[in-house]
Amino acid sequence: MEFLQPRSLAEAIEAKAEHPAAVPIAGGTDVMVEINFDARRPAALLDLNRVGELRSWQRSDGQVRLGATLTYTRLMAELSDVLPGLAMAARTVGSPQIRNRGTVGGNLGAASPAGDCHPVLLAAGATVEATSARGRRLIPAAEFFTGPKRNALAADELITAVLIPAAPGPQQFAKIGTRNAMVIAVCAFALELRPPRATTGAAPRATTADNPVSDYPVAMGSVGTGVGSAGPTPLRARAAEEFLSGVLGEAGLWQSAGRLPDRVAQRFGELVAAAARPIDDVRGTAAYRRHALSVLARRTLAWAWDSYRAEGGAPGCG
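Thresholds applied
- Residues numbered from 1 in each chain as written.
- Predicted model: local features only at pLDDT ≥ 70, side-chain atom pairs only at ≥ 80, totals over all residues.
- Heavy atoms only, no water.
- Helix = DSSP H or I, 4+ residues; strand = E, 2+ residues; numbered from the N terminus.
- Polar contact = N/O pair within 3.5 Å; in protein donor to acceptor, adjacent residues only side chain to side chain.
- Contact = heavy atoms within 4.5 Å.
- Axes fitted to C-alpha atoms, helices over the stretch in contact; angles between N-to-C directions.
- Parallel < 35°, antiparallel > 145°, perpendicular 65-115°, else oblique.
- Left-handed = near helix turned anticlockwise from the far one by under 90°.
- Nonpolar A, V, L, I, M, F, W, Y, C, P; charged D, E, K, R; others polar.
- Phe/Tyr/Trp six-rings, centres within 6.5 Å; stacked < 30°, edge-to-face > 60°.
- Buried < 20%, exposed > 50% of the residue type's maximum accessible area, 1.4 Å probe, protein only.
- Pairing = 2+ DSSP bridges.
- Disulfide = S-S within 2.5 Å.

**Q** Would you explain the side chain of Lys175 in this entry?
**A** Here Lys175 is to be found in strand S11 (residues 171-176). There is a polar contact of 3.2 Å between the side chain of Lys175 and the backbone oxygen of Thr92. Of the polar contacts made by the side chain of Lys175, one reaches the side chain of Asp116; its length is 3.1 Å. If we skip the residues at most four places from it in the chain, Lys175 touches Thr92, Asp116, Val183, Ala185, Cys187, Ala188 and Leu296.

Following this line, the structure appears as structure tokens:
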């Protein structure tokens, strides 16, 4: 097995072009397990730990650019106020040792249906930045996962960053596991509330060449969801998003920040469960996953809406 160790992003991209079969590695929390159990034997490993450009993050124009090898520990420590949902998910990943090594980029590259960060990236409308010697392209998170442990990357591409809009409102993440720590999710759910904003203000999800995944009606408000470990890929519960967005807008709840009717939470949970495509496996049955997702959807909605009400509702909508 060949071991490649570039010292810059340019060298890393060149190495990937010359060795398209090389498997990128940073924390190694997924790749090394597969190698140790002889489930994978790549021709080469591409070590990205010396590529400083991939370890940084920047915030600009309402968007956060996360370098692909930024660790979960740094994410939790430095970005919990800007990306609270992603920080919540990061706290559920493995042990402190794994969080010190594991990265969001690595989680994406593995493309596991049970990846803890994936539901949040879907709910937030994130974009994956893929770079090769041919240039850079942006892949909406909703289009990045193509099957179990398969993604939309070309053979010569590296994940160089994840572009995530700064949280426009309350975010929540919850997962079910067979124990409270060091566990693969039986199912997981992420929720983002996007309160309406004045159209004269900066739109956190403006459609631009750098951020093409915008379905956020700024003036009306909307909702984002992400479902994990309940289908061949992470997925969105689009019908649930449309239902809740419609109720919050038509009933004037964004403006009043009033109590959310129980029937609304119940229906939201039902629609989230209906969006799942789970299977029976050693961690749980399909029926249990659908039931658990319904519960998680109702709970996260209650927590997020309580936060919204505590913050006084949507700015400029009173």
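That shown, we press on.
**Q** Sorry if this is basic, but what is going on with the packing of helix H11 (residues 262-275) against helix H12 (residues 286-310) here?
**A** Interaxial distance between H11 and H12 falls to 8 Å at its minimum, and their mutual angle equals 140°. Comparing the axis directions of H11 and H12 gives the class oblique. The interaxial crossing formed by H11 with H12 has right-handed handedness. Between H11 and H12, the contacting residues are Ala265, Gln266, Phe268, Gly269, Glu270, Val272 and Ala273 on the first element and Arg290, Leu293, Ser294, Ala297, Arg298 and Leu301 on the second. The class makeup of the residues in the contact of H11 with H12 is seven nonpolar, three polar and three charged.

**Q** What is the right way to look at the packing of aromatic side chains in this model?
**A** Any two aromatic rings considered together are summarised by their centre-to-centre distance and by the angle between their planes. All told, the structure shown has five aromatic pairs when counted by the stated rule. Measuring from ring centre to ring centre gives 5.4 Å for Phe144 and Phe145, while their planes differ by 90°; the resulting arrangement is edge-to-face. A residue is classified by how much of its surface remains accessible, and Phe144, at 0% relative accessible area, is buried. Of the aromatic side chains, those joined through ring pairs into one cluster are Trp254, Trp305 and Tyr308.

**Q** I'm lost on the sheet that holds strand S1 (residues 2-4) in this one. Help?
**A** Two strands in a sheet stick together by hydrogen bonds in their backbones, pointing the same way (parallel) or opposite ways (antiparallel). Strands sit in the order S1-S3-S2 across an open sheet of three strands; the sheet is parallel. A single partner strand is all that each edge strand has here, and the edge strands are S1 and strand S2 (23-25). For this sheet the average axis-to-axis angle between neighbouring strands, irrespective of direction, equals 25°. Sheet topology note: the S1/strand S3 (residues 44-47) ladder contains three bridges and is parallel. Paired with Phe3 across the bridge in S3 is Leu45.

**Q** Teacher, can you tell me more about the environment of Pro168 here?
**A** With respect to the helices and strands, Pro168 occurs in the loop between strand S10 (158-165) and S11. Here Pro168 falls in the buried class, since its relative accessible area comes to 10%. Taking the C-alpha atoms as reference, Pro168 lies 29 Å from Pro96; in sequence the two are 72 residues apart.

**Q** Honestly, the state of the cysteines in this entry has me stumped. Any pointers?
**A** Between two cysteines, a covalent bond joining their sulfur atoms is known as a disulfide. All told, the structure shown has zero disulfides when counted by the stated rule. No disulfide involves Cys117; its sulfur sits 17 Å from that of Cys187, the nearest cysteine. Residue classification places Cys117 among the buried positions, given a relative accessible area of 0%.

**Q** Explain the sheet that holds strand S4 (residues 57-60) to me, please; I cannot follow it from the model alone.
**A** Read across the sheet, five strands follow the order S4-S5-S10-S6-S7 without closing on themselves; strand pairing throughout is antiparallel. With partners counted over all chains shown, the strands left at the sheet margins are S4 and strand S7 (135-140), one partner each. Here the average twist between neighbouring strands, direction ignored, is 20°. The pairing of strand S6 (residues 127-132) with S7 spans six bridges and is classified as antiparallel. From the neighbouring strand, Thr131 faces S7, where its bridge partner is Arg136. Here helix H1 (residues 9-18) sits on the sheet in contact with S6 and S10, set at roughly 120° to S10.

**Q** What is the right way to read helix H4 (residues 84-91) from this model?
**A** Turn by turn, an α-helix covers 3.6 residues, leaving residues three or four places apart pointing in a common direction. H4 sits mainly inside the fold: six of its eight residues count as buried. Taken together, the buried positions of H4 are Pro84, Gly85, Leu86, Ala87, Ala89 and Ala90. Its buried side turned inward, H4 meets strand S5 (63-67), helix H3 (72-79), helix H5 (96-101), helix H7 (118-123), S10 and S11.

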